[in-house]
Amino acid sequence: SHIDKMFDILAYKLLGRIPKLQNKPHLFDIFGGITLASIFVQALNNRDPNQFERDALRSILTSSHGYIESLKNKTSSNVVEGIDALVKEAKAKGTHVTKEQVNEIFSGEMTKAKGHMKLIAEAETTKTRGVAHTMEIASNGEKFGIDDPSLFWVVVRDNVTCVECMKIHMMPDGITPRVWKLSEISHSYHKRGDDRPSSCSLHPGCRCTPQQLPPGWGFKGGYISFISLDHDEWKSQRGED
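Residues numbered from 1 in each chain as written. Predicted model: local features only at pLDDT ≥ 70, side-chain atom pairs only at ≥ 80, totals over all residues. Heavy atoms only, no water.

**As for the pattern of salt bridges**
The full count for this structure, using the stated rule, is 15 salt bridges. Glu53 is paired through a salt bridge with Arg47; the nearest N and O atoms lie 2.6 Å apart. What makes Glu53 buried here is its relative accessible area of 2%. Lys167 serves as the salt-bridge partner of Glu164, at 3.7 Å between the closest nitrogen and oxygen. Placement of both Glu164 and Lys167 in helix 5 (residues 163–169) is noted, with a separation of 3 residues, approximately one turn of the helix. Beyond isolated ion pairs, a larger network of salt bridges with shared partners links Asp4, Asp8, Glu69 and Lys72. (Salt bridge = Lys/Arg side-chain N within 4 Å of Asp/Glu carboxyl O. Buried < 20%, exposed > 50% of the residue type's maximum accessible area, 1.4 Å probe, protein only. Helix = DSSP H or I, 4+ residues; strand = E, 2+ residues; numbered from the N terminus.)

**What about the layout of surface pockets?**
For the largest pocket, the calculated volume is near 450 Å³. Considering the residues around the largest pocket, the lining is formed by 23 residues, among which Phe52, Ala56, Val131, Met135 and His187 are closest to the centre. The element best represented in the lining of the largest pocket is helix 4 (residues 99–143), accounting for 8 residues. Looking at the lining of the largest pocket residue by residue, the classes come out as 11 nonpolar, 8 polar and 4 charged. Its volume calculated, the second largest pocket comes out at about 150 Å³. (1 Å grid on protein atoms, 1.4 Å probe; cavity = no way out; pocket = protein on both sides within 12 Å on 5 of 7 lines; lining within 4 Å. Points joined across faces, edges and corners; volume = space filled by probe spheres on them. Nonpolar A, V, L, I, M, F, W, Y, C, P; charged D, E, K, R; others polar.)

**Quick notes on the pairing of strand 4 (residues 217–220)**
Where strand 4 lies against strand 5 (residues 223–226), 4 bridges are found, and the strand directions are antiparallel. Bridging from a neighbouring strand, Trp217 pairs with Phe226 of strand 5. Between strand 4 and strand 5, which follow one another and run antiparallel, lie 2 residues, and Gly221 among them has a positive phi close to 60 degrees. (Pairing = 2+ DSSP bridges.)

**Notes on the packing of helix 2 (residues 36–43) against helix 3 (residues 51–93)**
Helix 3 packs onto helix 2 with a crossing angle of 150 degrees between their chain directions and a minimal axis gap of 10 Å. Compared by their axis directions, helix 2 and helix 3 come out roughly antiparallel. In terms of crossing hand, the pair formed by helix 2 and helix 3 is right-handed. Contacts between helix 2 and helix 3 involve Leu36, Ala37 and Phe40 from the former and Glu53, Ala56, Leu57, Ile60, Leu61 and Ser64 from the latter. Residue composition of the contact of helix 2 with helix 3, grouped by class: 7 nonpolar, 1 polar and 1 charged. (Axes fitted to C-alpha atoms, helices over the stretch in contact; angles between N-to-C directions. Parallel < 35°, antiparallel > 145°, perpendicular 65-115°, else oblique. Left-handed = near helix turned anticlockwise from the far one by under 90°. Contact = heavy atoms within 4.5 Å.)

**A few points about the state of the cysteines**
Tallied over the full model, the rule gives 0 disulfides. Here Cys162 stays free of any disulfide, with the sulfur of Cys165 as its closest cysteine sulfur at 3.3 Å. Residue Cys165 is classed as buried on the basis of its relative accessible area, which comes to 2%. (Disulfide = S-S within 2.5 Å.)

**Observations regarding the sheet that holds strand 1 (residues 150–154)**
Strands sit in the order 2-1-3 across an open sheet of 3 strands; the sheet is antiparallel. Of all the strands in the sheet, just strand 2 (180–181) and strand 3 (209–213) have a single pairing partner and so form its edges. The pairing of strand 1 with strand 3 spans 5 bridges and is classified as antiparallel. Residue pairing across strands places Leu151 opposite Gln212, the latter belonging to strand 3. Its contacts with the sheet put helix 4 on strand 1 and strand 3, and the angle it makes with strand 3 is roughly 10 degrees.

Everything listed is a geometric property; what it means functionally is a separate question.
Here it is in structure tokens:
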């Protein structure tokens, strides 16, 4: 019961709303702090999500909650099994289980759970931000009559930028962002070796951010610049222009 309560609090703090209560009013009320729900809305430029985007957020929250529930159940089982083993050993020896022994098992399992929870939070936060940014690009494209918007990723280039991000998000010169069509983007988790970007981002903690590239715009020296009214950077990078 104690573990259940702890994990429910963690889930609420991360998600902003427990999915099993998704039919309750005020699903999109954002309660203090940074949550997946608030990150999603911020990536939509703080506008009200439409029904399709609400469904996408519900799906993200549900899957994220599933990961947390799995971790909770595993942690609870490990604690119970550990204490049960202590009790059996104590009975066999004719001794008693001490409070310190119980605390040691509980603390050890919670330390492991903390590390796993951190990975879940990083992965789901990155995915939520990327999916919402991509949906905002799709919405903007529809608004301006662009059937298949062009987009690129703003890459934080420093000594910890990963090889995969440079390969997928940048041109071979390592300076110019690579342009993609929205229709080319994967919407599942990226696997190393895939040759296209993902709306879920490339890895947990990925700092690359998708941005729409308006028609007529391209890159000069790695910086976005207006080229000409008929310029198509996507075609230009693929040698079709």
